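Chain and residue survey
Below are the chains, spelled out letter by letter.
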Amino acid sequence: MATQVNAAELLQQALSSNIIPNQEFLLQGSILDSAAENLLHRLRGLCDNVDASTETFSDIEMCFSLKLPSEKTPVMTVRVRRAQDVEAPLQLRYIGQPELGDRTRPTLVRSSLDIACTPHVIDFLTEMGFRLDFEYSMKGYMFRKGRMKITVSKILKNMTEPISQSYLVELSVLAPKGQDAIAEDMRIFAEQLKPLVQLEKIDYKRFAQMP
């Protein structure tokens, strides 16, 4: 109990001190399996390193939350991602709430912090009072266009079973605060992927309000 309270207080102090140096600009969409190859072909033509083979990835992502007995909602949520196909450090990620700024802003914007860690990070989180909420696997393709990262991934449960007959498509940029102009570059790039996929700002509050 004391460990949980202390961890929560320290984390809240860190967030209020604006130690999170980066923002993630994000657009998301989905595409049916039957049309995914057409999208991959277009991305190969639009993105950098067109002569190289398409980069693939296979990851497991675990979501941990820190809750206090007096609170109904978590005071902190973090994610740990582990690569299945290559030898690489685990990635600990904090993602903040989407900013409420201008509704005309082309992309969703949220604070983001990524840290490379050893496998002991899971034991560390458990000692602090975090508990595993859920985990899933992601397998797919990754492209780069300047600072923009585009992923086309299949979400899996039990490591092999797809949860749907579609791919998740994400266009993102991680940049220091104050570089809002990148959102317009992302909007222009997203237009080039239409009508194959519609990349949008996702309002997560709508999902929270659904029965």
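Here the structure is a predicted model, which is why all the values come from computation and not from measurement.

Once that is clear, we can look at helix H2 (residues 33–46). Taking 1.5 Å per residue, 14 residues should reach 20 Å; H2 reaches 20 Å between its end C-alpha atoms and fits that length. Along its buried surface, H2 packs onto strand S1 (22–32), strand S6 (131–145), strand S7 (148–157), strand S9 (166–176) and helix H4 (182–191).

Of note, Thr107 is situated in the loop between strand S4 (90–95) and strand S5 (108–117). Residue Thr107 is classed as buried on the basis of its relative accessible area of 2%. As for Thr107 and Ile182, which are separated by 75 residues in sequence, their C-alpha atoms are 9.4 Å apart. Among residues more than four places away in sequence, those in contact with Thr107 are Phe25, Leu26, Leu27, Ala183, Met186 and Lys201.

When you line up the elements, Ser137 lands in strand S6. Judged by relative accessible area, which is 3%, Ser137 ranks as buried. Those residues in contact with Ser137, other than ones at most four positions away along the chain, are Asp59, Ile60, Gln84, Lys154, Ile155, Leu156 and Met159.

Leu39, Leu43, Leu171, Met186, Phe189 and Leu199 are the most contacted members of the largest nonpolar core, which has 26 residues in total. Breaking this core down by element, the ones donating at least two residues are S1, H2, S7, S9 and H4. Those residues in contact with Met186 that sit more than four places away from it in its chain are Phe25, Leu26, Leu27, Thr107, Met148, Leu171, Ser172 and Val173.

Moving on to unusual backbone geometry. Residue Lys194 is joined to Pro195 through a cis peptide bond whose omega torsion reads 0 degrees. Checked against the element boundaries, Pro195 lands in the loop between H4 and helix H5 (204–209). Even without being a glycine, Asn158 presents a positive backbone phi close to 55 degrees. Looking at where Asn158 falls in the secondary structure, it is placed in the loop between S7 and strand S8 (161–162). Residues other than glycine seldom take positive phi values, yet Met159 does so here, at roughly 75 degrees.

Enumeration according to the criterion identifies twelve salt bridges in this entry. With its nearest N and O atoms 3.8 Å apart, the salt bridge here joins Asp59 to Arg81. Of this pair, Asp59 sits in strand S2 (residues 55–66) while Arg81 sits in strand S3 (residues 76–83), placing them 22 residues apart in sequence. A salt bridge links Glu184 to Arg187; the nearest nitrogen and oxygen atoms lie 2.6 Å apart. Here Arg187 and Glu184 lie together in helix H4, a separation of three residues that amounts to about one turn. With relative accessibility at 35%, the residue Glu184 sits in the partly exposed group. Assessed through its relative accessible area of 34%, Arg187 is described here as partly exposed.

For the rest of this paragraph, the subject is the pairing of S6. Summarising the sheet, S2 and S6 pair through eleven bridges and their orientation is antiparallel. The partner of Cys63 across the bridge, within S6, is Phe134. Pairing of S6 with S7, which is carried by nine bridges, proceeds in the antiparallel orientation. In the sheet register, Met138 faces S7, and the bridge partner there is Ile155. Adjacent in sequence and paired antiparallel, S6 and S7 are bridged by two residues, among which Gly146 carries a positive phi angle near 60 degrees.

It is worth spelling out the confidence of the model for the protein at this point. For the protein, the mean per-residue pLDDT works out to 86, and 83% of the residues sit at or above 70. The lowest-confidence element of the protein is H5, averaging 54 in pLDDT; the highest-confidence one is S7, averaging 96. Confidence drops under pLDDT 50 across residues 207–211; counting only partners more than four residues distant or on other chains, this segment forms one contact.

Analysis parameters
- Residues numbered from 1 in each chain as written.
- Predicted model: local features only at pLDDT ≥ 70, side-chain atom pairs only at ≥ 80, totals over all residues.
- Heavy atoms only, no water.
- Helix = DSSP H or I, 4+ residues; strand = E, 2+ residues; numbered from the N terminus.
- Expected span 1.5 Å × (residues − 1).
- Contact = heavy atoms within 4.5 Å.
- Buried < 20%, exposed > 50% of the residue type's maximum accessible area, 1.4 Å probe, protein only.
- Core = buried A, V, L, I, M, F, W, Y, C linked by side-chain atoms within 4.5 Å.
- Salt bridge = Lys/Arg side-chain N within 4 Å of Asp/Glu carboxyl O.
- Pairing = 2+ DSSP bridges.
- pLDDT = per-residue confidence, 0-100.

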